[in-house]
Amino acid sequence: MDLKFGDVQETALIPLAIKASETARPNARIKDQKAKEIIETLGVDVSKYDPFLSHEGVIARTIMFRDQIKMLLMKYPNALCVNLGCGFDDKFPQVDNGMVQWYDVDLPDQIAVRRKVYSDRPRCKMLPGSALEGEWTKQLPKADMNIIIMEGVVEYFSKEQVKTCLNMLCDCFPRGYLVVELHSPFLEKHGKHHDAVRHTNATFGWGTKSGREYLALEPRLKYLSEHSFNEEMKKYTLGGKIFSVIGRNINNRIAVFKW
Ligand SMILES: C[S@@+](CC[C@H](N)C(=O)[O-])C[C@H]1O[C@@H](n2cnc3c(N)ncnc32)[C@H](O)[C@@H]1O
């Protein structure tokens with residue numbers, strides 16, 4: 001299969017490779033047959049994208065994002081969900097309640113690549129669009145509640161780009177939740193040593209100590225919650241437990257905002 005990537009799009013191979021390798025393990029904590037199938041079809045060695053800490057982090061975040069979205073869908077079963085910067089992620093079947101309207105959105109070249117391995121499904125469609133402008137949102141159906149998911153995306157944005165993205169979301173969706181992965185100033189500074197991302201040309205953008213820093217960029221947002229991936233990671237391995245202590249303020253977090 002012929003897949004071509006830009007520098008940030010290439011990072012989408014990291015969670016894909018990790019979910020594929022976890023699925024192949026006995027006692028897999030998450031199962032993603034589609035990821036396994038795509039990696040097998042690619043037929044390339046992606047082991048450099050699957051070192052221990054990134055592996056544990058991606059498993060933790062996959063579980064935490066899934067559980068958070070399921071909780072929101074219990075409250076708003078008819079919500080419109082947008083997986084913004086979806087890469088190769090296949091969250092829809094993990095959370096589908098039979099009613100949700102789901103859109104997998106990414107940059108046009110990434111959606112073109114995604115279309116080689118995914119098809120549109122009933123209530124789950126792909127759409128090219130950028131987190132930095134809102135024209136594409138005009139193609140979405142109107143919904144009483146919108147849930148925007150950004151997993152592994154804003155880490156690559158400058159502060160100015162994060163502001164543009166937050167302003168766009170509040171302008172284009174009358175009501176919504178944002179479920180977003182945040183990273184630390186430490187990673188912003190030392191990201192070139194990241195165990196998986198250093199194998200790509202991508203660089204980390206603006207890191208935050210707290211999601212509350214977003215409120216200054218977009219006053220319409222309300223800050224609801226924030227949890228370190230350590231909370232999930234420390235449950236499984238000694239390495240995860242140790243990292244949750246030494247990397248207490250370093251690991252990425254899942255934050256939820258509302259407007
Ligand atoms: C590390 S990948 C994460 C993919 C997916 N969310 C996951 O967790 O598997 C980063 C993704 O962000 C996308 N991305 C980068 N800039 C973007 C933008 N301005 N708008 C939408 N997506 C963007 C990339 O194309 C890539 O698919």
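First, a word on what this report is: a plain description of the structure on this page. (Residues numbered from 1 in each chain as written. Predicted model: local features only at pLDDT ≥ 70, side-chain atom pairs only at ≥ 80, totals over all residues.)

**Side note on the pairing of strand E2 (residues 101–106)**
The buried fraction of E2 is high, at 5 of 6 residues. Pairing of strand E1 (residues 80–84) with E2 involves 5 bridges; the strand directions are parallel. Looking across to E2, one finds that leucine 84 is bridged to valine 105. As judged from the 5 bridges shared by E2 and strand E3 (residues 124–128), these two strands associate in the parallel manner. Across the sheet, residue tryptophan 102 finds its bridge partner in E3, namely cysteine 124. Handedness of the β-α-β unit built from E2, helix H5 (residues 108–117) and E3 comes out right-handed. (Buried ≥ 20, exposed ≤ 12 C-beta atoms within 10 Å, placed from the backbone. Helix = DSSP H or I, 4+ residues; strand = E, 2+ residues; numbered from the N terminus. Pairing = 2+ DSSP bridges. Right-handed = clockwise from strand over helix to strand, strands pointing away.)

**Overview of the site of the ligand**
In the neighbourhood of the ligand, 20 residues make up the surrounding shell, with Thr11, Pro15, Gly85, Gly87 and Gly152 lying closest. Across the shell around the ligand, the residue classes break down as 10 nonpolar, 7 polar and 3 charged. (Near = placed C-beta within 6 Å. Nonpolar A, V, L, I, M, F, W, Y, C, P; charged D, E, K, R; others polar.)

**Side note on the packing of helix H1 (residues 13–23) against helix H2 (residues 33–42)**
Contact geometry for H1 and H2: axes closest at 8 Å, N-to-C directions at 110°. Regarding the angle of H1 to H2, the classification is roughly perpendicular. Between H1 and H2, the residues in contact are Leu16, Ala17, Lys19, Ala20 and Thr23 and Gln33, Ala35, Lys36, Ile38 and Ile39, respectively. Here the contact of H1 with H2 is built from residues that sort into 6 nonpolar, 2 polar and 2 charged. (Axes fitted to C-alpha atoms, helices over the stretch in contact; angles between N-to-C directions. Parallel < 35°, antiparallel > 145°, perpendicular 65-115°, else oblique. Contact = placed C-beta atoms within 7 Å.)

**Considering the sheet that holds E3**
Across the sheet, which stays open at both edges, the 7 strands sit in the order E3-E2-E1-E4-E5-E7-E6 with mixed pairing between neighbours. Sheet topology places E3 and strand E6 (222–228) at the edges, where each strand pairs with a single neighbour. On average, adjacent strands in this sheet sit at an angle of 20° to one another, irrespective of strand direction. Against the sheet, H5 engages E2 and E3, with an angle of about 140° to E3.

**Some details on the nonpolar core**
Among the nonpolar cores identified, the biggest contains 61 residues, and Leu16, Ile147, Ile148, Ile149, Met150 and Val179 are the most heavily contacted of them. Those residues in contact with leucine 16 that sit more than four places away from it in its chain are Ala35, Ile38, Ile39 and Phe88. (Core = buried A, V, L, I, M, F, W, Y, C linked by C-beta atoms within 7 Å.)

**Considering unusual backbone geometry**
Unlike most non-glycine residues, asparagine 27 shows phi in positive territory, near 55°. With respect to the helices and strands, the residue asparagine 27 is situated in the loop between H1 and H2. Non-glycine residue arginine 123 carries a positive phi angle of around 65°. Within the secondary structure, arginine 123 sits in the loop between H5 and E3.

**Some words on the pairing of E1**
Burial analysis of E1 places 5 of its 5 residues in the buried class, which makes it a mostly covered element. Burial of E1 is two-sided: the residues Leu80, Val82 and Leu84 facing one way and the residues Cys81 and Asn83 facing the other way are all buried. Taken together, the 4 bridges between E1 and strand E4 (residues 146–150) define a ladder with parallel strand orientation. Along E4, the bridge assignment pairs asparagine 83 with isoleucine 149.

**Section: the packing of H1 against helix H3 (residues 52–75)**
Closest axis-to-axis distance for the H1/H3 pair is 9 Å, and the angle between their directions is 85°. Our classification of the angle between H1 and H3 gives roughly perpendicular. Across the interface between the two elements, Ile14, Pro15, Ile18, Lys19 and Glu22 from H1 touch Ser54, His55, Val58, Ile59 and Thr62 from H3. For the contact of H1 with H3, the class distribution of residues is 5 nonpolar, 3 polar and 2 charged.

**A few points about helix H9 (residues 238–246)**
Taken residue by residue, H9 has Gly240, Phe243 and Ser244 as its buried positions. Burial along H9 is one-sided: seen end-on, the buried residues are contained in an arc of 105°. Those residues of H9 that are exposed and aimed more than 90 degrees away from the buried face are Leu238, Ile242, Val245 and Ile246. On its buried side, H9 packs onto H3 and helix H8 (230–233). (Arc of directions from axis to C-beta.)

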